[in-house]
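So the chains spell out like this:
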Amino acid sequence: MAKITLDNLAHSYYPNPKSEDDFALKELNHVWSDGEAYALLGSSGCGKSTLLNIISGLLHPSQGRILFDDKDVTQATTADRNIAQVFQFPVVYDTMTVRANLAFPLKNRGADPKYIADRVQQIGAMIGMEAELDKRARGLTADAKQKISLGRGMVREDVNALLFDEPLTVIDPHMKWELRTQLKSLHHEFGHTMIYVTHDQTEALTFADKVVVMYDGRVVQIGTPQELFDTPQHTFVGYFIGSPGMNVIPAEVAGDRAMVHGTQVDLGKGYDALSGKVEIGVRPEFVTLTEDAGLPVTVRRVEDVGRHKIVRAELFGTDINILADEDHNISPDMTNITFDPARVNVYVDDWLTSGKAA
Ligand code: ADP
Ligand code: MG
């Protein structure tokens with residue numbers, strides 16, 4: 001198991017990158033703790049696989065260094081880094097049995113046959129394929145083959161890190177949940193450093209201790225699910241995490257007040273003069289629809305989603321979402337919204353700016 005340090009790391013797929021735009025991965029500096037479970041979350045094309053492949057050694061970065069503990073592994077091969085990686089699509093030996101596929105990484109490293117037999121049995125159970133261990137991989141479904149790939153990734157206990165790149169894409173929804181739970185328990189049992197790439201926030205939030213949110217080649221925030229919810233460091237995090245995501249509203253901010261189209265909004269903190277694109281961010285959970293004074297809205301639609309209602313409304317021509325309790329009656333007289341001042345974040349050029357206690 002290892003602590004992973006990304007030092008001044010950046011990557012461009014072009015031989016002579018001219019500007020920042022040419023970098024699939026913009027410069028980043030981070031230390032990922034030993035034994036923690038991380039999810040790398042972001043939309044397609046934001047650089048998740050690029051970063052993962054640099055960590056595993058499949059790709060050599062155009063700039064910077066990677067350290068495992070204090071050892072520089074930037075030029076080391078994947079085998080020398082001693083990591084296991086599972087990809088989006090199955091990588092299995094078709095002519096071998098499931099058992100032989102699972103045993104392969106252990107055999108390769110010269111493990112004791114008795115240990116191999118036991119460990120393969122255990123992993124077979126974990127992926128729900130105990131009954132198929134002696135079948136050849138060839139005839140199996142894509143779903144089953146992917147489970148073998150996952151099992152192969154998990155079979156070695158002595159790896160420095162376990163890396164997963166959207167491993168559950170081809171797995172059916174029920175099994176997805178099951179396998180994610182298994183991965184989590186595996187993490188608790190062995191304390192591997194795990195990095196799990198996904199574009200699905202539910203997957204990221206349920207799997208990881210820390211979620212690494214990427215946007216446009218940059219790591220915009222590393223935080224616990226709670227931190228990402230409470231204090232999104234970037235408007236993208238606010239918008240991407242949560243359903244619906246955070247509302248972002250253009251505003252003018254002065255002291256502990258914001259003005260939105262001439263209407264005053266109280267903020268929980270005080271701010272110095274701000275320059276740039278100023279916006280306030282407030283999650284639908286902290287917006288209240290009311291008959292009393294506030295910001296004027298037009299309700300477009302109310303969606304009942306079980307435990308609560310999502311109210312889709314319009315505020316000065318832009319969409320705004322409100323989360324209301326299930327038993328909250330929404331009357332036509334409710335034409336205003338108010339915010340919980342303590343839950344209003346202020347953003348300048350998309351980055352969170354901290355205020356002073358008011
Ligand atoms: P993600 O895994 O988040 O979907 P990737 O890391 O695969 O994103 O890709 C990041 C960016 O780098 C994208 O713009 C993608 O088109 C580009 N890219 C990825 N792989 C290559 C490659 N082998 N050659 C050139 N560009 C690539
Ligand atoms: Mg990818």
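All figures in this text were calculated on a predicted structure; none of them were measured in a lab. (Residues numbered from 1 in each chain as written. Chains lettered and ligands numbered in written order. Predicted model: local features only at pLDDT ≥ 70, side-chain atom pairs only at ≥ 80, totals over all residues. Heavy atoms only, no water.)

So what's going on with the domain arrangement of the protein chain? Which residues, and what values?
The domain architecture assigned to the protein chain consists of domain 1 (4–240) and domain 2 (247–357). Between the C-alpha centres of domain 1 and domain 2 the distance comes to 38 Å. Across the domain 1/domain 2 interface, buried area totals approximately 1000 Å², and carbon plus sulfur atoms make up 54% of it. Among the residues domain 1 hides against domain 2, the three largest losses belong to F229, Q233 and T235. Together they make up 53% of the total. At the junction of domain 1 and domain 2, the tally comes to 1 salt bridge. Here R343 makes a salt bridge to D230, at a shortest N to O gap of 2.9 Å. The interface formed by domain 1 and domain 2 contains 8 residue pairs in polar contact (both at pLDDT 80 or more). Put simply, the parts of the chain that give the side of domain 1 that touches domain 2 at least two residues each are helix 8 (225–230) and helix 9 (235–240). Class assignment of the residues belonging to the side of domain 1 that touches domain 2 gives a composition of 5 nonpolar, 5 polar and 1 charged. (Domains from an automatic or database assignment. Buried area = accessible area lost by both parts, 1.4 Å probe. Salt bridge = Lys/Arg side-chain N within 4 Å of Asp/Glu carboxyl O. Polar contact = N/O pair within 3.5 Å; in protein donor to acceptor, adjacent residues only side chain to side chain. Helix = DSSP H or I, 4+ residues; strand = E, 2+ residues; numbered from the N terminus. Nonpolar A, V, L, I, M, F, W, Y, C, P; charged D, E, K, R; others polar.)

Describe the pairing of strand 18 (residues 318–325), with residues and values.
In this sheet, strand 18 lies alongside strand 17 (residues 308–315) in antiparallel orientation, the contact comprising 8 bridges. Each residue of the ladder has a partner; that of H308, found in strand 18, is D325. Taken together, strand 17 and the strand that follows it, strand 18, pair antiparallel across an intervening segment of 2 residues, in which F316 is found at a positive phi of about 45 degrees. (Pairing = 2+ DSSP bridges.)

Describe in detail the pattern of salt bridges, supporting the description with residues and values.
Tallied over the entire structure, the rule returns 17 salt bridges. A salt bridge links R65 to D7, with the nearest nitrogen and oxygen atoms 3.0 Å apart. Taken together, the positions of R65 in strand 4 (residues 63–68) and D7 in strand 1 (residues 4–11) put the pair 58 residues apart, joining distant regions of the chain. With relative accessibility at 38%, the residue R65 sits in the partly exposed group. The exposure class of D7 is partly exposed, given its relative accessible area of 26%. We note a salt bridge from R65 to D72, for which the minimum N-O separation is 3.8 Å. Assessed through its relative accessible area of 39%, D72 is described here as partly exposed. Three or more residues joined by partner-sharing salt bridges are found here, namely D7, R65 and D72. (Buried < 20%, exposed > 50% of the residue type's maximum accessible area, 1.4 Å probe, protein only.)

How would you explain the packing of aromatic side chains if you had to name every residue and give the values?
The final tally for this structure, using the stated rule, is 7 aromatic pairs. Between Y215 and F236 the ring centres are 4.4 Å apart and the planes differ by 20 degrees, which places this aromatic pair in the stacked class. Here Y215, found in strand 9 (residues 210–215), pairs with F236, found in helix 9; they are 21 residues apart in sequence, far enough to count as distant. Counting every residue linked through ring pairs, the aromatic cluster contains F164, Y196 and F207. (Phe/Tyr/Trp six-rings, centres within 6.5 Å; stacked < 30°, edge-to-face > 60°.)

Outline the nonpolar core, supporting the account with residue identities and numerical values.
With 46 residues, the main nonpolar core has L102, I148, F164 and V213 as its most contacted residues. Not counting the four nearest positions on each side in its chain, V213 is found in contact with L41, R218, V219, V220, Q221, L228, F236, V237 and I241. (Core = buried A, V, L, I, M, F, W, Y, C linked by side-chain atoms within 4.5 Å. Contact = heavy atoms within 4.5 Å.)

Tell me about unusual backbone geometry, residues and numbers included.
For the peptide bond that leads from S243 to P244, omega is -5 degrees, which places it in the cis range. One can find P244 in the loop between helix 9 and strand 11 (247–250). Residue E166 is not a glycine yet carries a positive backbone phi of 45 degrees. The residue E166 is located in the loop between strand 7 (161–165) and helix 6 (173–190) in this model. Despite not being glycine, D349 has its phi angle at roughly 50 degrees, a positive value.

Run through the packing of helix 3 (residues 98–108) against helix 5 (residues 142–154), naming residues and quoting values.
Orientation of helix 3 relative to helix 5, taken along the N-to-C sense of each, is 30 degrees, at an axis distance of 7 Å. It follows that helix 3 is roughly parallel to helix 5 by the angle criterion. Note that helix 3 runs across helix 5; the crossing there is right-handed. In this structure, helix 3 contributes V98, N101, L102, F104 and P105 to the contact, and helix 5 contributes I148, G151 and R152. (Axes fitted to C-alpha atoms, helices over the stretch in contact; angles between N-to-C directions. Parallel < 35°, antiparallel > 145°, perpendicular 65-115°, else oblique. Left-handed = near helix turned anticlockwise from the far one by under 90°.)

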